[in-house]
Amino acid sequence: MSHHFLDVAGLCFAYPDGTEALNGVSFRLEHGESVGLVGANGAGKSTMLLALAGLVLPSGGTVNVGGTILARNTVGEIRKRMGFVFQDPEDQLFMPTVFDDVAFGPLNQGLSVPEVSSRVRESLEGVGAAHLSERPTYRLSGGEKRAVAIATVLSMLPDILVMDEPSSGLDPKGRRLLIQLLKKFTHTRLVATHDLDLVMEACSRTIVLHEGKVAADGASREIFENAALLERCHLEPPLCMQGKC
Ligand SMILES: Nc1ncnc2c1ncn2[C@@H]1O[C@H](COP(=O)(O)OP(=O)(O)OP(=O)(O)O)[C@@H](O)[C@H]1O
Ligand SMILES: [Mg+2]
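As a starting point, this report considers the structure included with it. Residue numbers run consecutively from 1 along every chain, following the written order of its sequence. Numbering of ligands from 1 and lettering of chains from A proceed in the order in which they are written. In view of the model being predicted, local features appear only for residues whose pLDDT reaches at least 70, and side-chain atom pairs are presented and counted only at 80 or more, with totals across whole chains, interfaces and linings using the full set of residues. The side-chain figures draw on all heavy atoms in the structure; neither hydrogens nor water molecules are used.

Attention shifts here to the nonpolar core. Counting 43 residues, the largest nonpolar core has Leu124, Val127, Val148, Met163, Leu182, Val208 and Phe224 as its most contacted members. Only helix 3 (98-108), helix 4 (113-126), helix 5 (142-154), strand 7 (160-164), helix 6 (172-184), helix 7 (196-202), helix 8 (220-225) and helix 9 (227-232) provide two or more residues apiece to this core. Numbering of helices and strands starts at the N terminus; helices are DSSP runs of H or I of at least 4 residues and strands are runs of E of at least 2. When residues in this core are grouped by element, the largest group, seven residues, is from helix 5. Excluding residues within four positions of it along the chain, Leu182 makes contact with Leu161, Met163, Arg189, Val191, Leu198 and Ala202. Definition used in this section: a nonpolar core is a set of buried Ala, Val, Leu, Ile, Met, Phe, Trp, Tyr and Cys residues joined via side-chain atoms within 4.5 Å. Exposure categories follow from relative accessible area, calculated using a 1.4 Å probe and restricted to protein chains: below 20% of the type maximum is buried, above 50% is exposed, and the middle band is partly exposed. Membership of the second largest hydrophobic core comes to 32 residues, among which are Leu11, Leu49, Ile78 and Phe84. Should any heavy atoms of two residues lie within 4.5 Å, those residues are counted as being in contact.

All right, on to the packing of helix 3 against helix 4 then. To define axes, lines are fitted to C-alpha atoms, for helices over the stretch in contact only, and angles between the resulting N-to-C directions are given on a 0 to 180 degree scale. Packing of helix 3 against helix 4 leaves a shortest axis separation of 9 Å and a crossing angle of 120 degrees. On the basis of the axis angle, helix 3 is oblique to helix 4. The interaxial crossing formed by helix 3 with helix 4 has right-handed handedness. Here Val98, Phe99, Val102, Ala103, Pro106 and Leu107 of helix 3 lie close against helix 4, whose contacting residues are Val116, Ser117, Arg119, Val120, Ser123 and Leu124. For the contact of helix 3 with helix 4, the per-class residue count stands at nine nonpolar, two polar and one charged. Orientation categories follow fixed angle ranges, with anything under 35 degrees roughly parallel, anything over 145 roughly antiparallel, 65 to 115 roughly perpendicular, and all other angles oblique. Should the near helix be turned anticlockwise from the far one by less than a right angle, the crossing is left-handed, and should it be turned clockwise, the crossing is right-handed. In this classification, Asp, Glu, Lys and Arg are treated as charged, Ala, Val, Leu, Ile, Met, Phe, Trp, Tyr, Cys and Pro as nonpolar, and every other residue, Gly included, as polar.

The strand order across the open sheet built from four strands is 2-1-4-5, with neighbouring strands paired in antiparallel fashion. The open sheet has two edge strands, strand 2 (20-29) and strand 5 (68-69), and neither has a second partner. In this description, strands pair whenever DSSP reports at least two bridges between them.

What follows is about helix 4. Given a helix with a known number of residues, its expected span is that number minus one, times 1.5 Å. Taking 1.5 Å of rise per residue, the 14 residues of helix 4 would be expected to cover 20 Å, and the 20 Å separating its terminal C-alpha atoms lies within 8% of that figure. Against the buried residues of helix 4 lie helix 3 and helix 5. The first or second residue beyond helix 4 is Gly128, which carries a positive phi of 70 degrees.

What follows covers the sheet that holds strand 10 (residues 213-219). Overall, mixed pairing links the six strands, which are arranged 6-7-8-3-9-10 in an open sheet. Edge positions in the sheet fall to strand 6 (82-85) and strand 10, since each of these pairs with one other strand and no more. With direction set aside, neighbouring strand axes in the sheet form an average angle of 15 degrees. Both strand 3 (residues 34-38) and strand 8 (residues 188-192) contribute to a ladder of four bridges, which runs parallel. Note that in strand 8 the partner of Ser34 across the bridge is Arg189.

Where burial is concerned, most of strand 3 is hidden: five out of the five residues are buried. As paired elements, strand 3 and strand 9 (residues 205-210) share four bridges and run parallel to each other. Paired with Val38 across the strands is Val208, a residue of strand 9.

The next thing to look at is the site of ligand 1. Of all residues adjacent to ligand 1, which total 14 residues, the nearest are Gly42, Lys45, Ser46, Thr47 and His194. Between ligand 1 and Gly42 there is a distance of 2.8 Å, counted from an oxygen atom to a backbone nitrogen or oxygen. A 3.5 Å cut-off defines polar contacts: any pair of N or O atoms within that distance qualifies, except that in protein one atom must be a possible hydrogen donor and the other a possible acceptor, and neighbouring residues in sequence count only when both atoms are side-chain atoms. In the model, an oxygen atom of ligand 1 is placed 3.2 Å from a nitrogen or oxygen of the Ala43 main chain. Contact with the protein chains removes 65% of the 640 Å² of surface that ligand 1 exposes when unbound. A per-class count over the shell around ligand 1 returns four nonpolar, eight polar and two charged. One heavy atom within 4 Å of a molecule or strand is enough for the residue carrying it to be called near that molecule or strand. Where accessible areas are quoted, they stem from the Shrake-Rupley method and a 1.4 Å probe; at the residue level, only the protein chains shown are allowed to cover.

Here we take up the side chain of Glu165. Relative to the helices and strands, Glu165 resides in the loop between strand 7 and helix 6. Working convention for charge: Lys and Arg count positive, Asp and Glu count negative, and His plus the chain ends are omitted. We define a salt bridge as a side-chain nitrogen of Lys or Arg found within 4 Å of a carboxyl oxygen belonging to Asp or Glu. One buried charged side chain, Glu165, makes no salt bridge at all; its nearest oppositely charged neighbour is Lys45, positioned 4.9 Å away. In contact with Glu165, other than residues within four places in its own chain, are Lys45, Gln87, Arg146, Ala192, Thr193 and His194.

Moving on, we get to the coordination of the magnesium ion (ligand 2). As a rule, N, O and S atoms within 2.8 Å of a metal are its donors, except that Na, K and Ca use 3.2 Å; water is not among the atoms, so sites may look incomplete. Within the protein, the atoms that donate to the magnesium ion (ligand 2) are Ser46 (OG) and Gln87 (OE1), at distances of 2.0 to 2.3 Å. Note that Ser46 is positioned in helix 1 (residues 45-52) and Gln87 in the loop between strand 6 and helix 3, a separation of 41 residues in sequence. The class for Gln87 is partly exposed, based on a relative accessible area of 40%.

Okay, here's the thing in structure tokens:
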């Protein structure tokens, strides 16, 4: 199953105003790994994930998804295999009802109507949002939108799951479901988050971004035990390692 690897090499990107968001980012995720992407505000996490989705075009470096190099002519194929949950759920939800939004991906995959219905039901149940199925998406609360955005991605059964702040806005029960879901998902996972306790529970490996560069990459516990590294990258240990939970 090595085709679910994700290899990022020397990725560079500057926004049009000159802000250098990525300064030569390199890492490789093997199939089945669950990896946290952490870093202070502005460290480059969201930009990194936008680059993986082909939504920003790097000025240098490569993204290799299971042997396919990300480029204009491959981005469509790659997006079919990678499921992206973006930082703002508003970027993800565009259909009139929750059901339609979660059904959109499976319908495009050519599944039959009963298959689509069962995918939608399972995905919404997975995030505790089955009761929202018939609701208009634009009338949901922030946390409800987040849960539905996650379901839209799960319903496509992606090979690689990429999430940006997935626990933000979720209530404690929703966050717990998300952690269970991340643990259950057996393929490759990359989760950008400030929820370091979620990383400790659901990600065995952590990559620390600092000012657009990889400052550290290793076992999550070792990363969060490295006080000097955390200080330098404006991070704090997870609450569970501060004896606060
Ligand atoms: N549209 C934009 N135009 C110019 N600069 C931007 C834009 N979006 C982000 N940046 C800058 O790029 C850098 C990386 O931002 P990014 O959003 O990737 O950080 P982040 O690690 O996701 O932060 P956060 O934890 O706050 O979500 C920051 O310096 C930010 O100010
Ligand atoms: Mg971000």
